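Observations on the three-dimensional arrangement
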Amino acid sequence: MPNPRCHFLILLMKFVSIICFCHYIMPISGEDETNAVKKVDVGIILDLETNVAKVMHTCILLALEDYHAASRSAIRIVPHFRDSKKDDVEAASAAISLLKDVKVQAIFGPQMSTQTDFVIDIAKRAEVPIISPATSPLLTVKEHPYFIRAALPSSSQTKAIAAIVSRFDWREVVVIYEDSPYGTGIVPHLSDALLENSTLVSYRSVISPSANDDQILRELYKLNTMQTRIFIVHLQPSLASRLFLKAEEAGMMSDGYAWIITDVLTSLLDSVNRSVIESSMQGVLGIKPYVPRSNELTNFNKRWRRRFRQEYPDMDTVELNVYGLWAYDGVTALAKAVEKVAGTATPKSNKVDTRDNSTDLDALGTSELGSLLIDSMQNITLKTGLSGDFRIINGELQPSPYQIVNIIGKGERSIGFWTETDGISYKLKMNGKTAKSNNKKLGTIFWPGESNIVPRGWEIPTTGKKLRIGVPVKGGLEQFIKVETDPKTKAVTATGFCADVFIEVIQSLPYAVPYEFIPFRMPDSHTNPDYDHLVYKISSKEYDAVVGDVTISESRSKNVDFALPFTESGISAVVPVKDDERKNAWIFLKPLQKEIWITTGAFFVFIGFVVWVLEHRVNEEFRGPKRKQVGMIFWFSFSTLVFAHKERVTSNLTRFVVIVWAFVVLVLTSSYTASLTSMLTVQQLQPTITDLNDLIKNGEYVGYQKGSFVEDILKRMKFDSTKLRNYSKLEEYNDALSRGSKNGGVGAIVDELPYLRLFLNKYCGKYIMIGPTYKTAGFGFAFPKGSPLVPDVSRAVLKVMEGEFMNNIIQKWFGNETDCPEKDGMATTSSLTLDSFKGLFLIAGVSASSALLIFFLIFLYQNREILATDDSIWQKLSAIAKAFDDEKDKPNSKSENPGEGNESQTTTPFAASAASPEIFPNLPSQSPETRTASPPDEGFSTTEPGTPLEETITEANEER
């Protein structure tokens, strides 16, 4: 028998439990409404006919249950669901009903952007916050202060899409979007994001939600005729399913195509029929907001499945998606915000307008809790949200990483991630940052057609047409381009340097490009085509490209895109050469210019005069009759040219001047010899005109090639248009230059370097190229603006130019250019100019002038007695001149003139020595005449060695 005490305790516990349970449930059921419990009514507007709304509905119910179970607050959120029935008016009506009749303090929804746009204005009047998962970027928090976005806007994914496009170097894309606010809202943002990565939207394909399958198929066929093969699809799942079925039917889900779908379609991929995915969406890339895996999410997914089956037992099970998770986190955030502000305000509405003529909007009233609630919701964070880091800042849900997936088989496979800070990566850390070691990489991708080769992004249109290549029909210079038409088959063939390069470039491409040449002729068959007109035909859609000797220019590049040039660039001039100067009898005068000849002659006379002045009083060889003295001036200086002067100089000043002048003469003669040798031994090609400006000054006629842009350049260089003549053949160039301007020809031909090289190679030795060379971009192949062929052709041009082919083709059409090395004016030698010797002449002039000045100062000092007399100036000058002309006294013996200065002793040492018998006692005495006639031993001379007597005397002096 049980213990009575235990039985009593059991009954007591049951009684207490019943009391506590009743106390707990009575406020909720409304049986006992006390001040301890506060109900907050929240409206929820969804399109309950859609699968997304049903997923969100189930998540919202679970969110409120989890909040109430976890919260100890007396706040109770009471949800009031309304169905908008996919209609904007229904959504607005539901909002008015909730605000007017239920007095809700907040509204979650609607889920459609157009419905939200209606409801926002209504809620603003009632000062009730709208927490909506609307994704349209046209709805902004700045314009709608009571709007809180609880989902990522569609514009947030555009940078991720642009990063994928840039990752594969695609330069053009086609955007396929729905003709609705949902579709059009993303287009401007997507175009800007692509443009930042140098990618253009080549075409925008708009598909109506009500379009039938035939209309969709026609649009796809239209897209298939275009070059672009990269398609970005922004459609609702139902419309996208039909699009991909028709794309498969049109053959657009095969090799060479790439498809990228936006986040809505990728996130709701489970709503697309599996047969459509397996048959028509294989290889498609997609992006969607990344939801990190967690135990909480796994457990919630199980609970959600059970609850969804309870709520919708007759419906096939759908998968939980990010919109349901955002709804769960959004309602949880709303409940926490209500809990935060409910204690400071009563959840009720102010008095409404009850006049008879008032409208439903006037009867809404305003919420006291709404203004506080909107402030709390604008900046709120759920760090443990089911969708990840759920943060609302300034009313906007902050972006999360995007996951990049590849549709394979029945579902999708993750191949990478994208974040705004780090871009594309293969792996993602748990904190949401990319792993640096795997940055900028994606996993293996299987493209449409079960291919693992990245599509290049464009193809030749599938209309069966070939590329229409315009080629100029030239009347000459056929080495560059020559067009021939078969009279029977009408087939057009192009040959020449430019055509061969183009054919080799096309063959170097990694894919086949069919093409056909179309001749370009002007109405008058006797004139050459105008190249600007030829290039313009690309922009007018008549040609798909132009091949020929077409120069890349700034004006032409405004209408077309050029590939990289395949020839050298520049514009120069060719003029006739002068006759061979080596046959000129006066060529020996050519090494030095006229100015230097005159200067050298003047210095010869000047140096001779200075030496005569310095030596006249002390040196017998510089004395005598006036004729002899004048002859001595010229003889002495000019004899230094060949170092043949025999006269000895006695003055130290003279020696200094002669040494400096001898060095100047040495440099002059050496330079002259080298220049003359070069002129006589190396062939000279001297142009008749050295500068284009000389042509303008002399009024010469100038020739250029017909149809070339060189004519415009010549006019900009101030050439008279009446002095310009055009030609089309090399033979015409030769004839015009040979005749010259005075005989109906021209003084120069101005053209591009490739033509001038060919001309000089043919007429070697007759003409020469003169500068300057005006830079141009060279020849290039022209294509329409934005053509995807341009980068590939440019790379192929580089490949061809780096190989041996280019050398072979130049040899084929232009011959061996080394056969005429003189064509650029090689080995031309110019005369020496005065500028090269200014320093030498300056040194010689200063040295001679300084010596002359010192001499006159000493002379005037020695003859100061004359200057001190009271005679007239003329008498003083006559006395000074007479003193200068008199020979300076020379002592005949040691006893003579004991007061004679050192200069006399120095200048006549031989005389002094000979007069002293004490030095040479064994020598016979000599008469004064003999001693005077003996040449001094200190003289500066190049004469023969002295006699034995002179040598003996010299030795004796040295011993002394």
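Residues numbered from 1 in each chain as written. Predicted model: local features only at pLDDT ≥ 70, side-chain atom pairs only at ≥ 80, totals over all residues. Heavy atoms only, no water.

As named in an unreviewed UniProt entry, the chain is Glutamate receptor, taken from Nicotiana tabacum.

Contact pair helix α19 (residues 652-681) / helix α26 (residues 838-862): the axes reach a minimum separation of 9 Å and the direction vectors enclose 165 degrees. By the criterion of interaxial angle, the relationship of α19 to α26 is roughly antiparallel. Crossing angle aside, the handedness with which α19 passes α26 is left-handed. Of the residues in α26, those touching α19 at Leu653, Phe656, Val657, Val660, Trp661, Phe663, Val664, Val667 and Leu668 are Leu840, Phe841, Ile843, Ala844, Ser847, Ala848, Ala851, Ile854 and Phe855. Residues that form the contact of α19 with α26 fall into these classes: 17 nonpolar, one polar and no charged. (Axes fitted to C-alpha atoms, helices over the stretch in contact; angles between N-to-C directions. Helix = DSSP H or I, 4+ residues; strand = E, 2+ residues; numbered from the N terminus. Parallel < 35°, antiparallel > 145°, perpendicular 65-115°, else oblique. Left-handed = near helix turned anticlockwise from the far one by under 90°. Contact = heavy atoms within 4.5 Å. Nonpolar A, V, L, I, M, F, W, Y, C, P; charged D, E, K, R; others polar.)

Okay, the environment of valine 173 next. Structurally, valine 173 can be placed in strand β6 (residues 172-178). Separated by 18 residues in sequence, valine 173 and serine 191 have C-alpha atoms that sit 9.8 Å apart. Beyond its immediate chain neighbours, meaning those up to four positions away, valine 173 contacts Val165, Leu194, Thr199, Leu200, Val201, Ser202, Tyr203, Thr228, Ile230 and Ile232.

Strand order in this open sheet of eight strands is β7-β6-β8-β9-β10-β14-β15-β16, and the pairing throughout is mixed. Across the chains shown, the open sheet's two edge strands, defined by having one partner strand only, are β7 (200-207) and β16 (423-425). For this sheet the average axis-to-axis angle between neighbouring strands, irrespective of direction, equals 30 degrees. Here strand β8 (residues 230-234) runs beside strand β9 (residues 258-261); their pairing, made up of four bridges, is parallel. Its bridge partner being in β9, isoleucine 230 is matched across the sheet by alanine 258. (Pairing = 2+ DSSP bridges.)

What follows concerns the nonpolar core. Within the largest apolar cluster, 89 residues are counted, with the highest numbers of intra-cluster contacts made by Ile77, Phe108, Phe300, Trp304 and Met377. In terms of residue count, helix α13 (residues 322-341) provides more of this core than any other element does, 13 residues in total. Apart from residues lying up to four places away in sequence, methionine 377 is in contact with Ile131, Ile148, Ala333, Leu334, Ala337 and Ile392. Residues Leu467, Phe497, Tyr727 and Val790 belong to the second largest nonpolar core, which totals 55 residues. (Core = buried A, V, L, I, M, F, W, Y, C linked by side-chain atoms within 4.5 Å. Buried < 20%, exposed > 50% of the residue type's maximum accessible area, 1.4 Å probe, protein only.)

A separate point is helix α2 (residues 51-70). With 20 residues, α2 extends 29 Å from end C-alpha to end C-alpha; this agrees with the ideal 28 Å at 1.5 Å per step. Extensive coverage of α2 is indicated by the burial of 14 of its 20 residues. (Expected span 1.5 Å × (residues − 1).)

This part covers the sheet that holds strand β27 (residues 767-774). Taking strand neighbours across the sheet as the criterion, the five strands line up as β25-β24-β26-β23-β27 in an open arrangement whose pairing is mixed. Bordering the open sheet on either side are β25 (724-727) and β27, each of which pairs with just one other strand. Strand-to-strand twist across the sheet, computed as the mean angle between neighbouring axes with direction ignored, equals 30 degrees. Summarising the sheet, strand β24 (residues 702-705) and strand β26 (residues 748-752) pair through two bridges and their orientation is parallel. Bridge pairing in β26 links valine 702 to alanine 748. Each of β23 (571-576), β24, β25, β26 and β27 is contacted by helix α22 (residues 730-739), which is oriented at about 150 degrees to β26, the strand it contacts most.

Before going further, it helps to examine the pattern of salt bridges. Between side chains of opposite charge, a pair can form when the charged atoms approach closely. For the structure shown, the criterion picks out 24 salt bridges. Across the pair lysine 558 and glutamate 554 runs a salt bridge, and its minimum N-O distance is 3.5 Å. Across the pair, glutamate 554 and lysine 558 agree in class, each one exposed. Notably, a salt bridge pairs lysine 715 with glutamate 711, separated by 3.3 Å at the nearest N-O pair. (Salt bridge = Lys/Arg side-chain N within 4 Å of Asp/Glu carboxyl O.)

Right, let's get into the packing of helix α17 (residues 594-615) against α26. Where α17 meets α26, the closest approach of the two axes is 10 Å, and the angle between their N-to-C directions is 20 degrees. By the angle between their directions, the pair α17 and α26 is classed as roughly parallel. Crossing handedness for the pair α17 and α26: left-handed. Between α17 and α26, the contacting residues are Ile596, Thr599, Thr600, Phe603, Phe606, Ile607, Phe609, Val610, Val613 and Leu614 on the first element and Phe841, Ala844, Gly845, Ala848, Ser849, Ala851, Leu852, Phe855 and Phe856 on the second. The class makeup of the residues in the contact of α17 with α26 is 15 nonpolar, four polar and no charged.

With that out of the way, let us pick up the packing of aromatic side chains. Tallying each qualifying case throughout the model produces 34 aromatic pairs. Centroid distance tyrosine 727 to tyrosine 733: 6.4 Å. Interplanar angle 85 degrees. Geometry classified as edge-to-face. In this pair, the class of tyrosine 727 matches that of tyrosine 733, namely buried. Above the plane of the ring of phenylalanine 168 lies arginine 167, whose end atom (NZ or CZ) is 5.5 Å from the centre. When the ring centre of tyrosine 701 is taken as origin, the NZ or CZ atom of arginine 725, which lies over that ring, is 3.7 Å away. (Phe/Tyr/Trp six-rings, centres within 6.5 Å; stacked < 30°, edge-to-face > 60°. Lys NZ or Arg CZ within 6 Å of the ring centre and 35° of its normal.)

The subject of this paragraph is helix α12 (residues 295-311). Counted at 1.5 Å a residue, the expected span for α12 with its 17 residues is 24 Å, and the 24 Å between its end C-alpha atoms agrees. Along α12, the residues classified as buried are Leu297, Phe300, Trp304, Arg307 and Phe308. One side of α12 carries all its buried residues, which in axial view fall inside an arc of 100 degrees. Turned more than 90 degrees away from the buried face of α12 sit Asn295, Lys302 and Gln310, all of them exposed. (Arc of directions from axis to C-beta.)

For strand β14 (residues 402-408), the tally of buried residues reaches six of seven residues, placing the bulk of the element in the interior. Here strand β10 (residues 285-289) runs beside β14; their pairing, made up of five bridges, is antiparallel. Bridge pairing in β14 places glycine 286 opposite valine 405. Judged from the seven bridges that link them, β14 and strand β15 (residues 411-419) form a sheet pairing that is antiparallel. Looking across to β15, one finds that asparagine 406 is bridged to arginine 413. Once β14 ends, the chain turns through two residues before running back antiparallel as β15, passing glycine 409 with a positive phi of about 65 degrees.

What follows concerns a nonpolar patch on the surface. A cluster of nonpolar residues, Trp586, Phe588, Leu589, Trp597 and Ile598, forms a patch on the protein surface that exposes about 520 Å² of accessible area. Topologically, tryptophan 586 is positioned in the loop between β23 and α17. (Patch = residues over 30% accessible without salt bridge, like charges linked within 9 Å, V, L, I, M, F, W, Y side chains within 5 Å. Areas by Shrake-Rupley, 256 points an atom, 1.4 Å probe, with all protein chains shown as cover.)

Next up on the list: the environment of asparagine 394. Along the chain, asparagine 394 falls in the loop between β12 (388-393) and β13 (396-397). On the basis of relative accessibility, which here comes to 54%, the residue asparagine 394 falls in the exposed class. The sequence separation of asparagine 394 and valine 141 amounts to 253 residues, and the corresponding C-alpha distance is 7.7 Å. If we ignore the near neighbours within four places in the chain, the residues touching asparagine 394 are Val141, Gln378 and Asn379.

Looking now at the pairing of β23. The buried count for β23 comes to six of six residues, which makes it a mostly enclosed element. Taken together, the four bridges between β23 and β26 define a ladder with antiparallel strand orientation. Along β26, the bridge assignment pairs serine 572 with aspartate 751. Direction of pairing for β23 relative to β27: antiparallel, over a ladder of five bridges. Bridging from a neighbouring strand, isoleucine 571 pairs with tyrosine 774 of β27.

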